[in-house]
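Each chain is listed here by its residues.
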Amino acid sequence: AGADAQLISAVDIDLLGWGGDDPFHGHLLGANGDKLKRVTQKALITIIPGYYALDQKRRRRVLLGRGATDLIAVALAGALGTDCLFCKDGGAVYAFDPRWAEPGQRPKQISHLSYDQAYDFSSSGHGFLMPQSLLLAKQQGVALYFVPSPAAPDAWQIGAAISGQAAPDGIFVGVQTEAYLNAVSCVCVTVTEWGQERLNGQLASLARSAQPYAVRATSGQTKIYLSPAAVAPFMDALAKEFGLLVP
């Protein structure tokens, strides 16, 4: 015997979107909260497909882009007036991609971020949530929590939280790498506003030692363009300098 579950579609809850000029990257408008509350009372578990909504005339589907399941989850939580719980493989948000850690090391876990900090981090390429979902969470005041998946509900432990409150210690937030052309990699460093002064001196020194092709700095982020072979040593030095590794 399985759990009492039901599968519903976008039409059942008026989950609407707008396609705009790009049919594959539409904009989510929201769901009908009253319909959603009524339909979710019919079963213990309600399953709603992600990735798409209906246009305002309810005649065609609007694709919402990669990661839209995150976006829809936040929209439904907002419509229900509740928090949003994400079951992710890592169950947390980390200072940098664990794949860059050396054997026997692991990246520091970030227990709390504000909406703005999380948006900056996700937009840098970290990819733990669709950036638009963080903008929507801020707009609707939906608190986001992360737990490991799969796990029994009674074994869930909150690995990270995102809300309107900034990280209490204003710590350095995180690092993400991304491919750029064929022979260049980019290390994107995201920090809290508090950490900007600390970043300027220490990061500049580390970047110079890595002999980067270019350094681009914006508010809250610095991108360092390196040869692929220089990324791992630079990440290791960066992690040690800013305390991003735990034994």
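How would you summarise the overall build of the chain if you had to cite specific residues and measurements?
What the chain contains, in helices and strands, is 6 helices and 18 strands. Expressed as a percentage of its 247 residues, the buried residues of the chain come to 43%. Contacts spanning at least 24 positions in sequence make up 63% of the contacts within the chain whose residues lie at least 6 apart. Put simply, the chain shows about 13400 Å² of open surface, and 51% of that area lies on carbon and sulfur atoms.

Please provide a residue-by-residue account of unusual backbone geometry, values included.
The backbone of Tyr51 shows a phi angle near 85 degrees, a positive value even though the residue is not glycine. Along the chain, Tyr51 turns up in the loop between β4 (45–47) and β5 (52–54). At Gln211, a residue that is not glycine, the phi angle is positive and equals roughly 50 degrees. Of note, Gln211 is situated in the loop between α5 (196–209) and β16 (214–218).

Would you mind going over the side chain of His112 in detail, with residue names and values included?
Among the secondary structure elements, His112 is positioned in strand β11 (residues 112–114). Reaching out from His112, the side chain makes a polar contact with the side chain of Ser163 at a distance of 3.0 Å.

An account of the pairing of β16 is needed here, citing residue identities and associated values.
Of all the 5 residues making up β16, 0 are buried; the element is thus mostly uncovered. With 5 bridges connecting them, β16 and strand β17 (residues 221–226) associate as antiparallel partners. Across the sheet, the residue bridging to Thr218 is Gln221, located in β17.

How would you summarise the pattern of salt bridges if you had to cite specific residues and measurements?
Applying the stated rule across the entire model yields 4 salt bridges. For the salt bridge of Asp14 with Arg58, the shortest nitrogen-to-oxygen distance reads 3.2 Å. One end of the pair, Asp14, is in the loop between β1 (5–7) and β2 (16–18); the other, Arg58, is in the loop between β5 and β6 (61–63), and 44 residues separate them in sequence. Between Lys138 and Asp116 there is a salt bridge, with its nearest N and O atoms 2.8 Å apart. Of this pair, Lys138 sits in helix α4 (residues 131–140) while Asp116 sits in helix α3 (residues 115–126); the two residues are 22 residues apart in sequence, bridging distant segments of the chain.

How each quantity is defined
- Residues numbered from 1 in each chain as written.
- Predicted model: local features only at pLDDT ≥ 70, side-chain atom pairs only at ≥ 80, totals over all residues.
- Heavy atoms only, no water.
- Helix = DSSP H or I, 4+ residues; strand = E, 2+ residues; numbered from the N terminus.
- Buried < 20%, exposed > 50% of the residue type's maximum accessible area, 1.4 Å probe, protein only.
- Contact = heavy atoms within 4.5 Å.
- Areas by Shrake-Rupley, 256 points an atom, 1.4 Å probe, with all protein chains shown as cover.
- Polar contact = N/O pair within 3.5 Å; in protein donor to acceptor, adjacent residues only side chain to side chain.
- Pairing = 2+ DSSP bridges.
- Salt bridge = Lys/Arg side-chain N within 4 Å of Asp/Glu carboxyl O.

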